[in-house]
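This is what each chain is made of:
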Amino acid sequence: GNSVTQMEGPVTLSEEAFLTINCTYTATGYPSLFWYVQYPGEGLQLLLKATKADDKGSNKGFEATYRKETTSFHLEKGSVQVSDSAVYFCALRMDSSYKLIFGSGTRLLVRP
Amino acid sequence: DTAVSQTPKYLVTQMGNDKSIKCEQNLGHDTMYWYKQDSKKFLKIMFSYNNKELIINETVPNRFSPKSPDKAHLNLHINSLELGDSAVYFCASSQGTGANEKLFFGSGTQLSVL
């Protein structure tokens, strides 16, 4: 079946450090890929998405590129801030499907 | 205005009780969902309704019963609560399928079964 695998957290970084959170997927076909972010005490919010191979999604300084050859969608940010501390979820969705399949989430903690 | 609102935010109850969680969205979306997030933050879909019709029903115990009185509401009723039901339950909505439809989540209901 379709699934998403994320690196285990927590990831602890100092402010202004470079961030990478790995995400790989397994899917029959070509899914759309998403990153959602969950800040403490809140629901998830869409951070960015990519709908086809080689697309790059970007938002708030975060980027992720849809790599079909490695079935990956790694999240990156050049310089993290304390306010980026949250749990990040990679997800996939097949066309014509209502179901969004999430990875297990990766907690990011950014220290001042 | 809150787009997706759930009540209550916290729910503490004894094993064996029956409880309900309510969800409302004011976005005019056709599709609503219930997700369960366990203590390890793993998020799994439970149910989805589209225009009041059940379209996704994952492997969830029969003790869980969703009800959608109209397309703006999707409530979750849980009978005979068990310890393992303790989790955060998230309601969400979207307009439909496909890559361009993002989910809007409520802020969650933390259920603790004692």
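Going by the structure above, here's the rest.
Per chain, residues are indexed from 1 in the order of the written sequence. Labels are handed out in written order, letters beginning with A for the chains and numbers beginning with 1 for the ligands. Under the rules for a predicted model, residues below a pLDDT of 70 receive no local features and side-chain atom pairs below 80 are neither given nor counted, while totals for whole chains, interfaces and linings still include all residues. Water and hydrogen atoms play no part in the side-chain values, which are based on all heavy atoms of the structure.

(A) Representation of the interface of chain A and chain B. With 23 residues of chain A in contact, the opposing surface of chain B contributes 27 residues. Interface area for chain A against chain B, summed over the two sides, is near 2000 Å², with a carbon-plus-sulfur share of 59%. Here, a salt bridge means any side-chain nitrogen of Lys or Arg that lies within 4 Å of a carboxyl oxygen of Asp or Glu. Residues Glu58(B) and Lys99(A) are paired through a salt bridge, measuring 2.9 Å at the closest nitrogen-oxygen approach. A 3.5 Å cut-off defines polar contacts: any pair of N or O atoms within that distance qualifies, except that in protein one atom must be a possible hydrogen donor and the other a possible acceptor, and neighbouring residues in sequence count only when both atoms are side-chain atoms. Counting across the chain A and chain B interface gives five residue pairs in polar contact (both at pLDDT 80 or more). Put simply, DSSP H or I for four residues or longer makes a helix, DSSP E for two residues or longer makes a strand, and each gets a number counted from the N terminus. Secondary-structure elements contributing two or more residues to the side of chain A that touches chain B are β5 (32-38), β6 (44-50) and β10 (86-93) of chain A. At four residues, β5(A) tops the list of elements feeding residues into the side of chain A that touches chain B. Each residue belonging to the side of chain A that touches chain B can be placed in one class, and the counts come to eight nonpolar, nine polar and six charged. Here a residue-residue contact requires only that any non-hydrogen atoms of the pair lie within 4.5 Å. Summed over both partners, the accessible area lost on bringing two parts together, with a 1.4 Å probe, is the buried area. For this classification, the nonpolar set comprises Ala, Val, Leu, Ile, Met, Phe, Trp, Tyr, Cys and Pro, the charged set comprises Asp, Glu, Lys and Arg, and every other residue, Gly included, is treated as polar.

(B) The environment of Gly103(A), seen in detail. Mapped onto the fold, Gly103(A) is located in the loop between β11 (101-102) and β12 (106-111). Here Gly103(A) falls in the buried class, since its relative accessible area comes to 0%. Along the chain, Gly103(A) and Ala91(A) lie twelve residues apart, while their C-alpha atoms are 5.9 Å from each other. Leave out the neighbours within four places in its chain, and Gly103(A) touches Val4(A), Gln6(A), Phe89(A), Cys90(A) and Phe42(B). Burial status follows relative accessibility: with a 1.4 Å probe on protein chains alone, a residue under 20% of its type maximum counts as buried, one over 50% as exposed, and anything between as partly exposed.

(C) Broad picture of the state of the cysteines. Residues and elements named next belong to chain A. Note on terminology: pairs of cysteine sulfur atoms within 2.5 Å are recorded as disulfides. Per the counting criterion, the structure on display carries two disulfides over all chains. At a sulfur-sulfur separation of 1.9 Å, the disulfide partner of Cys 23 is Cys 90. Handedness here is read from the sign of the S-S torsion; for Cys 23 and Cys 90, about -70 degrees, the answer is left-handed. With Cys 23 in strand β4 (residues 23-26) and Cys 90 in strand β10, this residue pair connects regions lying 67 residues apart in the sequence.

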